[in-house]
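Summary of structural features
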Amino acid sequence: MRNSQVTVRHRWFLGHSYIPYIDENQLLQENWIFLVWLSHKRDSLWRVLHAFDISTHSWKIIEKIVTINKEIPFYKVNLVRGVPIDERWNLRYPDHQEKENWFKWLSEEISLLKPQIVYLFWKEVSDFVLQKLDTQSIHHNSYQYWPSRLICAEHPSFIYTYKRSSLATYIENIQDTLEHHWKKDEKKSFKIALHSHIS
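One structure accompanies this document, and this report is about it. Because the structure is a prediction, the values reported are computed rather than measured.

Reading the values: rules and limits
Here, residues in each chain are numbered from 1, in the same order as that chain's written sequence. Local features in a predicted model are, by the rule used here, given only for residues with pLDDT of at least 70; side-chain atom pairs are given and counted only at 80 or more, and totals for whole chains, interfaces and linings are based on all residues. Hydrogen atoms and water are omitted, and side-chain values are computed over all heavy atoms in the structure. The term salt bridge refers to a side-chain nitrogen of Lys or Arg lying within 4 Å of a carboxyl oxygen of Asp or Glu. In this text, helices come from DSSP runs of H or I with a minimum length of four residues, and strands from runs of E with a minimum of two, each type numbered from the N-terminal end. Summary of the burial criterion: residues with accessible area below 20% of their type's maximum are buried, those above 50% are exposed, and those between are partly exposed, where the area comes from a 1.4 Å probe applied to protein chains only. Note on aromatic contacts: the rings of Phe and Tyr and the six-membered ring of Trp form a pair at centre separations within 6.5 Å, being stacked when their planes are under 30 degrees apart, edge-to-face when over 60 apart, and tilted otherwise. Joining through side-chain atoms within 4.5 Å is the link that ties buried Ala, Val, Leu, Ile, Met, Phe, Trp, Tyr and Cys residues into a set, and such a set is a nonpolar core. In what follows, residue pairs with any heavy atoms lying within 4.5 Å of each other are defined as contacts.

Here we look at the pattern of salt bridges
Under the criterion given, the structure shown has six salt bridges. The residue arginine 81 makes a salt bridge to glutamate 109 at a minimum N-O spacing of 2.7 Å. In this pair, arginine 81 is assigned in the loop between β5 (74–78) and β6 (83–85) and glutamate 109 in helix α2 (residues 96–113), connecting sequence segments 28 residues apart. Across the pair, glutamate 109 and arginine 81 agree in class, each one buried. Across the pair glutamate 98 and arginine 92 runs a salt bridge whose closest N-O atoms are separated by 2.7 Å.

Right, dumping it as structure tokens:
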């Protein structure tokens, strides 16, 4: 029988749920960008590493984007925040039920913080999340889940390892999306809501 070792750092409690990596001050911020992935790694002491930890290839890519956009509040999070292990204590892929259990947290965080953009890295992540949420397709790999825009993208670690020649283009595409949609959608939505109210 397979077990899961759950060792997540609790920093903030809200009712019966909590946000592991967001502190009190950050809850006051707006226009969040969520970066959601599915990957697990432990350090030499068997501690669970945060999503996009500094020791990962993904961090090398994501950190460049975060550094360029210092004014944007980013929330980097693993879809499955416990560490799935087998009988021999080796890492394994999470099963469907584990995704279901942990998705409840992500769903509440989206409802609470209302991120402007949610990046879903890796097809396994995007397929699962899109099945769980009532979204509307905007165009290729982009969906609306009011008030958030969900964008499907390849896993940064995959790009770093297997498509290194496309790395610059990968970063540029994410940067272009942030420049075109961060805060702009919010202003547009406000104008639409205002016009509806006046009408």
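Having seen the model, we can carry on.
Considerations on the packing of aromatic side chains
The tally for this structure, following the rule as stated, stands at seven aromatic pairs. Seen in terms of ring centroids, tryptophan 32 and tyrosine 75 are 6.4 Å apart; in terms of plane orientation they differ by 75°. Their pairing is edge-to-face. Here tyrosine 75 lies in strand β5 and tryptophan 32 lies in the loop between β3 (17–18) and β4 (33–37), a separation of 43 residues in the sequence. The exposure classification of tryptophan 32 matches that of tyrosine 75, with both residues buried. Ring geometry for phenylalanine 103 against phenylalanine 128: centres 5.9 Å apart, planes inclined by 80°, an arrangement best described as edge-to-face. Of this pair, phenylalanine 103 sits in helix α2 while phenylalanine 128 sits in helix α3 (residues 123–132), placing them 25 residues apart in sequence. In this structure phenylalanine 103 comes out as buried when scored by relative accessible area, which is 5%.

With respect to the nonpolar core
Core analysis: the biggest nonpolar cluster contains 23 residues, and Phe34, Val36, Leu79, Leu106 and Val129 have the highest contact counts within it. Among the secondary structure elements, those contributing two or more residues to this core are β4, β5, α2, β7 (117–121), α3 and β10 (148–153). In terms of residues, this core owes the most to one element, α2, which gives six residues. For valine 36, the contacting residues outside a window of four places in its chain are Val77, Leu79, Leu106, Val118, Tyr119, Leu120, Phe121 and Val125. In this structure, Ile33, Ile62, Ile151 and Ala153 belong to the second largest nonpolar core, which totals 21 residues.

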